[in-house]
Structures are given as structure tokens and as C-alpha cells.
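Survey of secondary and tertiary structure
As a plain string of letters, each chain reads:
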Amino acid sequence: MKVVNLKQAILQAWKERWSDYQWAINIKKNLGTKGATWDYLNLAEALMEQALIGPSPNPLILSYLKYAITSQMVSYSSVLTAISKFDDFSRDLCVKSLLEIMDMFSNHLSCHGKAEECIGLCRALLNVVVWLLLGCAWYCDRLRELGPSASTEASLGACQERLHSLVSSTKNRALVHIARLEEQGSWSNVEQAIVKLTEGIGSVTNQTLKSKLEESVSLVKGIPHMLSAQSDPPAHPSFPSVHAFIMLEGTMNLTGETQPLVEQLMMIKRMQRIPTPLFVLEIWKACFTGLIESPEGTEELKWTAFMFLKIPQVLLKLKSPQSDRGQDFMDDVNVAFEYLLKLTPLLDKADQRCNCDCLNMLLQECNKLGLLSDSNATNLSTKREYAPRQKTTENANIQPNPGLILRAEPTVTNILKTVDADHSKSPEGLLGVLAHMLSGKSLDLLLAAAAATGKLKSFARKFIKLNEFPKHISGEGSKSASVRALLFDISFLMLCHVVQTYGSEVILSEPSPSGETPFFETWLLTCMPEEGKILNPDHPCFRPESGKVESLVALLNNSSEMKLVQMKWHEICLSTPAAILEVLNAWENGVLSVDAVQKITDNIKGKVCSMAICAVAWLVAHVRMLGRDEREKPQTMIRQLVTPLFGENTLQFYNERVVIMSSILEHMCADVFQQTGLLLRAPLEGQEPIPYRNLLPAKEPIHEALRRQFQAVLRKGWVDSRALHLFESLLHIGGVFWFTNNLVKELLKETRKEWANRVVELLYSIFCLDTQQITLTLLGTILPNLLTDPAHWHSLADPPGKALAKLSVWCALSSFSTHHKGQASARQRKRQREDIEDYSSLFPLDDTQPSKLMRLLSSNEDEPVTLSSPGDRSMSSSLSASQLHTVNMRDPLNRVLANLFLLISSILGSKMAGPHTQFVHSFMEECVECLEQGHRGSILQFLPFTMVSELVKLPAMAKPKVVLAITDLTLPLGRRVAAKAISAL
């Protein structure tokens, strides 16, 4: 009835020629509605219908509408919706008057009502954009049909102006973006209108008008992508965190999979907004630096494999996600090499170290993989002036490592095929292949190539299978017995070498395909000493049946040399420790003389080197348990076993096997001998010590060592491999909390802005040693302590406070992007996980129970903030998108993030300001800057919805794009919160 009465009232007012305010008074008196219900009666639409009946608008009724708008009887959204329903563009005067009505408020569109009303404004804006696009398209068609006409062009210009002024405002575009997501089909109307307009633009002869129309269309088209446009990257000459991350991967994680490495690099590139050419350049710089400073021997080969085999594959994966701009990426790689060519001293030093033209080889590799075009590769190689070193008698025959590594890669595949074949009939053929692998540095080359290309695990599997092969004995002669002994020995030596060079995870990370555990795996788990693994010398694994032990002792003591026929080598290896214990006891009790012991140790190492390794493995565990005075005899036995035996009657390939045996034993004994400051043997001329051992300075407190090393790294501006190893040792010794806390203290001391930023980049890369655990400590313990204790607030002042906020966000994003994929690297798994804090007591699962953290905050918590949402119910102050997505809150990282955001929310809502509130502002700004879009699965899903309205009060955050970025627009509630916040800006 009211609607009918409304129309009658309008007609009566027109007949009686009421003035606008008279009309308003009468209509309110007669229809007696209050506030927003005029929209419910569609007042705006009713007035417009009556005003636009004839060819020209009715000025009196239009004045009523204008009065209703000015006196806020009708909402902007209802007026815009009414305008968008008018579709007869041939009535120029009517269209003109509608555009004039829009002008009354289009430059200050806002809505301070409930969330539903704000969503209504979003929808109305989208409809008006469609209406204006259709209007422009209609006038373009008219120009095409009737030829150029000043009046049509004027009408077209008027529509275009209004469209441009609407969509040039970021706020309006953001509201249209929300409407687009709110109603799935609505955007297709915009797209159809754009198609119509684009077809008609050609008939516009006025070039200025045409270009303005095109600009408006491109603004509308850009609405769905408005969040992906990034600001300009900061101008930096170098990026220490890329450099240090590559150093870390090259030094400690050659066997790691390529994908996590690529994702982590992309993360750093995104967070720091590094341009691609400089990013690729930084990767190459780090590779060259790592290669130049790597210790000689295995480490150098590992770096060479990393640089020439793994990094080109990494770049190939960096290119593939941008398949649409693969050509751009090739150009970027080309530019990166152009920059690299200018670093002549770096290239010269690398060439001198490797004795070859490194850059040229890299160019060839990149060209093969399609990272560089042929013309660019040729062009770049001509620019590099390579002056080879003079051939001296020493280096004439030495082949450069890069060439060897590149040749080793296909060899790995061939060897895997060869070992796979069935050798039960004639195992001799295999021996030739294995012997070739043992000669010179072949084994290290092949292992490095396999590690860099991800084939090391299958390589190790094959050798475990090979090590099982000699278990099966049938009636055998002396020849087949020696072949069997050699197959067992060589595979055992190779596997021990793999474990010492690349870590036991290579072998233990995947269970063996067959049900039973192979001998080598059992031995590795229970009997092999490794860094950070202490063995019990009295463990049952070292105590086999006494009968077997006695017969072995008799065999070792009586015969002039070991017999091979019918020997079960697996059993012999497991019995050796017990036999050694018998011999040691006999010697210590004066039953055996030194010469007799020497004869026994010669027998042990004389033919099958694996026995010596099993003996020393037990002796090392035994010596660890002894006091200084009791160590002399067992250490003498170790020395006897380490020294090679040069006799005539030894088994084939003895010299090659002994080299590997000595290196394995040296690594095993290094720690035990270091404890008493003894040398295992006199250092040989030209032989390198074991790299990265004994880095910690003696007699210096560890916090002092950490501080000094960090200051050295900071002055230098980048982290080298030696520093990374030292930091890792300190992380082991001090634990995660101690390590993180002390480094954060170093950051908070830095009062110069550019230095504080440099510290952030360096710390981020040092924290990559164990991102997950360090992030949990940083966000779960250290930040809450700093934010809740007023005594610490002064340390959060800028610049170090802002820098710490940046570091925290980077760590949170990195951990969050990788933790659900379970990508702890082998290095991080090696360390015993420590429970940093009992997360359950700090953050109880049950939300009703106030956690320790929230009790800390209750002192500055005001009345809970409420927010009008659908149905206008008040929302819990902790409700966030993560709860609506039902994220697993038993996960420590999710819990820590949720609680950190609750803490931040309470600080923002409190009435007390200080450096800690400044820190929170910086934290949120950094979150927005680093995130691509407010998409599901980012750390901002833990942000309570109520916090959005608090954040908008900060000048840096009061931007439509920021609101879109921090709310989850996939959720209806997220869209309402965003619409409400943006409408009020």
C-alpha cells in the first residue's frame, strides 16, 4: 500500500506544484517512515520513473529527487541503482539530467551504515559502470550510423567523463572489485558492455575523445588485477640474502631437491621485489664466490656440481612458471650475464682456480637448456677475454673440474644402468666398472654429479643392493670368492663415503623397497659414528654369538692372512667389534705383545677394508667412554688400522680401496683425537685438513663467538661458507632460543637505517639454517616478550624496530609457505628437534580458556570491539578467516601466528601508544608490502576481522588496496568487512 501511496503523493505534489522542502515535509508526515526505510520503498526509483516519463525530464519532480539526495533521505546506492535501470539513451536530455544527478555525489561516495548496505553500494557501483559503458557504446553506434555530429559527440563525452571520474578512483575500483567477487555472474555484464564499446570506438573521429575512451576501458579492464600491480622495486646494488641463501645451499644442501630451493628463491625475490636480471646476477655472483673460496678436494667438486649442474636447472624452473614470458626471462638471463661480464676480477679468480674458462662453460650449459639464445650466447662469449694460465709441467695434465663434472653427469646414468643389469652369472664384469669408479677423484666427481642432479639416492640404493649380493654363497672357488669379497668391500666403502660426504639421510630417508632391512642400513644406524651421534660401545649390536667371535679371533691370530672362501662378510663385519674387544683385553692384560696385536690389525686391514672400518667404528665409541690415561692402547690400535699395508699378497685394487678407507677412518676419528689434542698421524705434505672442522675458537664463550662472527659478516656485507658452518655449530650448541635471541639483540643495537636493513637481509639468510624452528621461537616467544613487557618497548623504536618487523614478516612468510609441504631439509632433520616452548600451555587449544598470552594482555584490553556483520550480530574479537577455513590449530606455526595477530590486535585497540605500537604498524605495513594478494592461505588469514577497522585508522593503511590485500575476499564475511572499511574511507 505504501508504495502505491508514494506514487500518488508524488503525483499530487506535482499537480499542486509543491516546493521541494514542502514535498519533503508532507511526505514524511503522511507516510511517516524513518531513516533508511525510504530505500525499502524505492523512493529514488519512484521519483525517477515519474520524472523521466516524457522526452525531457520533469524539472519539479527532479528537484524532489535532488532534495531527497541532499537531505540523505535516500542512499547513494539506491540512486545509482535507479539510474542504471534507465535504458533509453535516445532521450539525450534525460541522460544529461541523470549524469548531473550523479555529479552531486559521485566524488564523495561513501557509506557508514551496516555491512549489508556497504555491499549494496558495491553492487550499485558495478551496475552504474555497466550503464555508462553501454551509454558510451550506444553513442558510438549512433556516430557510426549517422556520421559525425557535435551533439552526439557531446553526449558521448559526457558519459565518458563520468565513467573516467568514477573508475579513476582506487576506492571505487576496489568497491567494484568486491561486487565482482560477491556475485559471480555480474562481471560478465561488464565484459559484454566492454566488447560492445570496443567495437564502436573505431567510429569516433575525434582523436582526443577516442584516446580518453580507451583509457577508461583499460581502467575498467584492470579492476580484477588491481591487486597484482606491484610498486617499483627498491634500488639496491646487491642482495645479501640471495647471496647467503645460495651459499647455504651450495655448502650444506647439495642433495636437497630443486623445487623447495626454487620456491624459497622466488619467495625472497617477491618479498624484496628484486628485478629478475639483478636476481639472476646475484645467484651467479654467489656461485662464483662459493667456488673460489671452497676448500680443495670434495668441497670444491661439490660447488662445481652445484654451479654447473644444479643452478642451471634451478633457473630453468624459475623460467617455467612464467611460461607466458619465457622470452622475457631469457632476455633477463642475458642482461644478468652482461652485468657479470663487468666483474672481471671475480671471473679471473674463478678461471684461475679451475684452470678453465668458467663463464664460457656456463654460457654453453644455459644455451643447451634454452635459457640463452644462440646469438646471445655467442655474443657474450666473444666479450669475455679469457687468458689461459701458462701450461707448466704441473698443470699440463690436470683436467679442469667443470669439464669433468659435466662429463660425469651422463656417466652417472650409464653406471646406474650397468649396476641394474643381472650380474649373478658373471660378477667379474661389475668389478671393472667399480674399480674405474674408485680411481683418482672419479668417485667424488660421480657422487657430486649425482647429488646435484638428484640421482644420489638411487645411486646409494643400487650400492646397497650390490652390498647384499655377496650374501649368497654356493660352492665357490678361490677366484669367485675374491670377486665376492671385492664386491662387498667396494660397495661398503662407497656407501660409507657417501654417508660421510652427504649425510646418512641420503640412505635412511627412504625405507628399502624389500621388506627386510639391508645389512648396511642396520650397520649405519647402530654402529657408525657420525657428527652429533654418540654410540654405546656395550650395545648388544656389538655383541654377536660368542662362537662366531672366538672363531674370528682364532682366525685373525693364527693365520698369516685372511682366507676368503666361504666367508660370510656381513657376519664377519658384525663380529669384528667383539673380536677387537677380546684382543684389546688380552693386550691390556699382558697376554698379547705389541707385535702380535700389529699382526692381527694387519690381518684385519690386509684384504677387506670394511673390517678395519667396523673395528675403528667400535674403537671410537669405546675411546669416548675412557679417561685420558686409559686411551693409549685403543688409540694405538686405531693408528695401526689407519695406516695402509703395503704387501704383495693383498687383494685386487687394494691401493684404490685404501685411499678411501683412510679418508673414512680419518673422518671417524677426528673428534676423538681432537678431544685430547692428539694427531691421528703426521700431516702429509700438500694434504688438506678436513674442511669446516674445529671452527669454534677455543676458550671463548659462545655468545662472544656468535657476536664476533656476526659483526665480521656485517662488516663484510655477505655470509661465506665458513661463517655458515660456524653459525650452524653455534645453533647446535646454544639451541634455537639462545641463537635467535642473541642475534635479535644484535639487530636491536643497530641504530643506522641502512645498516639495520643490511642486518635483516643477513639474519634472514642465517635463519635459513633452520627456518621453521627459528620462526616459531621468534614469533612465539621473543616478539611476545618484547611487546608485552614495557621495559623492552624502548628497544623497538625505529630504525631497529622497523627492521625487526620486516625480519619477522619475512620469516613468517617463508615458514608458512614451506611448512605445510613438510620440506625440512636433511640438514634440519639431522638435529634433534627441541621443543622450544610448551605451546599447549602458552596457547591452549580451547578458545574459551584465556591463554597465558591473553592474560598478559588483559591489562591493556578495552571493551571488545564489535563489528556490524550480516544480521548485525556482534562478532567475537578473535574471529579470523583461518577459523572459517578450518585451519588445523594443532600445528605450532598456525597457533603462534594466530596468537601473534591477537596480540597485535589488542595493542592496536589499546589506548596506550609507544614504540611497541609503532612496531605493530611496521609489521602490518610489511605484511601488506610482501603479499601479492589477500588470498586464502597467506599469513593474514589469522588476522581477526575486527582488526581491519582499527588498521584503517593508520595513515599508511587507509588505502583501498591495503584493505583488499588484508581481507580474505573469498569469504562472504571477508567481503563485507572489506566493503565496510573501504566505504568509510
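The structure reproduced in this document is the subject of the present report.

Conventions adopted
Numbers given for residues are sequential positions, taken from 1 along each chain in its written order. Under the rules for a predicted model, residues below a pLDDT of 70 receive no local features and side-chain atom pairs below 80 are neither given nor counted, while totals for whole chains, interfaces and linings still include all residues. Processing note: side-chain calculations cover all non-hydrogen atoms of the structure and skip hydrogens and water entirely. Definitions used throughout: a 1 Å grid over protein atoms alone; a cavity as a set of points that fits a 1.4 Å probe which cannot get out; a pocket as an open set with protein on both sides within 12 Å along at least five of seven lines; a lining residue as one with an atom within 4 Å of a point. Grid points are joined across faces, edges and corners, and a volume is the space filled by probe spheres set on the points. Working definition: helices are DSSP H or I runs of at least four residues, strands are E runs of at least two. Numbering for both runs from the N terminus. Here the nonpolar group is Ala, Val, Leu, Ile, Met, Phe, Trp, Tyr, Cys and Pro; Asp, Glu, Lys and Arg are the charged ones; every other residue, Gly included, is treated as polar. Definition used in this section: a nonpolar core is a set of buried Ala, Val, Leu, Ile, Met, Phe, Trp, Tyr and Cys residues joined via side-chain atoms within 4.5 Å. Remark: exposure states derive from per-residue accessible area (1.4 Å probe, protein chains only) relative to the maximum for the residue type, with buried under 20%, exposed over 50%, and partly exposed in between. Should any heavy atoms of two residues lie within 4.5 Å, those residues are considered in contact. Working convention: axes come from line fits to C-alpha atoms, limited for helices to the stretch in contact. Angles between N-to-C directions cover 0 to 180 degrees. Left-handed describes a crossing whose near helix is turned anticlockwise from the far helix by less than a right angle; the clockwise case is right-handed. Side-chain rings of Phe, Tyr and Trp (the six-membered ring for Trp) are treated as a pair once their centres are within 6.5 Å; stacked means planes under 30 degrees apart, edge-to-face means over 60, and tilted covers the remaining angles. Expected span of a helix, by definition, is 1.5 Å for each gap between consecutive residues, and there is one gap fewer than residues. Two N or O atoms form a polar contact when they lie within 3.5 Å of each other; inside protein one atom must be a possible hydrogen donor and the other a possible acceptor, and for residues adjacent in sequence the pair counts only when both atoms belong to side chains. Pairs of cysteine sulfur atoms within 2.5 Å are what we label disulfides. Just to be clear on terms, a salt bridge is a Lys or Arg side-chain nitrogen sitting within 4 Å of an Asp or Glu carboxyl oxygen. When an angle is under 35 degrees it counts as roughly parallel; over 145 it counts as roughly antiparallel; between 65 and 115 it counts as roughly perpendicular; any other value is oblique.

Before going further, it helps to spend a moment on empty space enclosed by the protein. Summed over the entire model, instances satisfying the criterion amount to two cavities of 30 Å³ or more. Taken as a whole, the second largest cavity holds about 40 Å³ of empty space. Around the second largest cavity sit Lys 457, Ala 460, Arg 461, Ile 464, Val 506, Ile 507 and Glu 510, which together line it. Mapped onto the lining of the second largest cavity, the elements with two or more residues apiece are helix H24 (456-468) and helix H26 (505-508). A per-class count over the lining of the second largest cavity returns four nonpolar, no polar and three charged.

Trp 23, Trp 523, Phe 739 and Leu 804 are the most contacted members of the largest nonpolar core, which has 340 residues in total. It is helix H8 (residues 115-146) that provides the largest number of residues to this core, a total of 18 residues. Discounting residues that sit within four places of it in the chain, Trp 523 has contacts with Phe 492, Cys 496, Met 528, Leu 574, Ile 613, Cys 614, Ala 617 and Met 668.

The next subject is the packing of helix H4 (residues 43-51) against helix H6 (residues 76-84). When two helices pack together, their arrangement is given by the angle between the helix axes and the distance between those axes. Packing of H4 against H6 leaves a shortest axis separation of 8 Å and a crossing angle of 40°. The crossing of H4 and H6 is right-handed. Across the interface between the two elements, Ala 44, Glu 45 and Met 48 from H4 touch Ser 78, Val 79, Ala 82 and Ile 83 from H6. Across the contact of H4 with H6, the residue classes break down as five nonpolar, one polar and one charged.

A few words now on the packing of aromatic side chains. Two numbers describe a pair of aromatic rings. These are the distance of the centres and the angle of the planes. Scanning the entire structure with this criterion turns up 19 aromatic pairs. On the basis of an interplanar angle of 80° and a centroid distance of 5.7 Å, the ring pair of Tyr 764 and Trp 810 is categorised as edge-to-face. Linking Tyr 764 in helix H37 (residues 753-767) with Trp 810 in helix H39 (residues 800-819), this pair joins segments that are 46 residues apart in sequence. According to the relative accessible area criterion, Tyr 764 is buried, its value standing at 1%. Overall, the relative accessible area of 3% leaves Trp 810 in the buried class. Plain terms: the ring middles of Phe 816 and Phe 942 are 5.8 Å apart, the flat faces sit at 90° to each other, and that makes the pair edge-to-face. Of the two residues, Phe 816 sits in helix H39 while Phe 942 sits in the loop between helix H45 (915-930) and helix H46 (946-951), which places them 126 residues apart along the sequence.

With that settled, the discussion passes to helix H44 (residues 892-909). The end-to-end C-alpha distance of H44, which contains 18 residues, comes to 26 Å, matching closely the 26 Å that a straight helix rising 1.5 Å per residue would cover. Buried residues dominate H44, accounting for 15 of its 18 residues. Where H44 begins, one side-chain oxygen reaches toward the backbone nitrogen of Leu 893, 3.0 Å away; that side chain belongs to Asp 891.

This structure, assessed with the given rule, holds zero disulfides. Not engaged in a disulfide, the cysteine Cys 159 finds its nearest cysteine sulfur in Cys 136; these two sulfurs lie 5.0 Å apart. On the basis of relative accessible area, Cys 159 is assigned to the buried category, the value being 1%. Between Cys 927, a cysteine without a disulfide, and Cys 930, which holds the nearest cysteine sulfur, the sulfur-to-sulfur distance is 7.5 Å. Overall, the relative accessible area of 1% leaves Cys 927 in the buried class.

Let's shift gears to the pattern of salt bridges. This structure, assessed with the given rule, holds 33 salt bridges. With a closest N to O distance of 3.6 Å, Lys 285 and Glu 282 form a salt bridge. With Lys 285 and Glu 282 both in helix H15 (residues 276-293) and three residues apart, this pair spans about one turn of that helix. With a relative accessible area of 18%, Lys 285 lands in the buried category. A relative accessible area of 3% means that Glu 282 is categorised as buried. The closest approach of N and O atoms between Asp 602 and Lys 605, which form a salt bridge, is 3.5 Å.

A few words now on the packing of helix H13 (residues 240-252) against helix H14 (residues 258-272). Running from N to C, H13 and H14 cross one another at 170°; their axes reach a closest spacing of 11 Å. On the basis of their axis angle, the class for H13 and H14 is roughly antiparallel. Within the contact between the two elements, H13 uses Ser 241, Val 242, Phe 245, Ile 246 and Glu 249 and H14 uses Leu 261, Gln 264, Leu 265, Ile 268 and Gln 272. Here the residues of the contact of H13 with H14 are counted per class, giving six nonpolar, three polar and one charged.

Take it as geometry only, folks, not as evidence of what the structure does.
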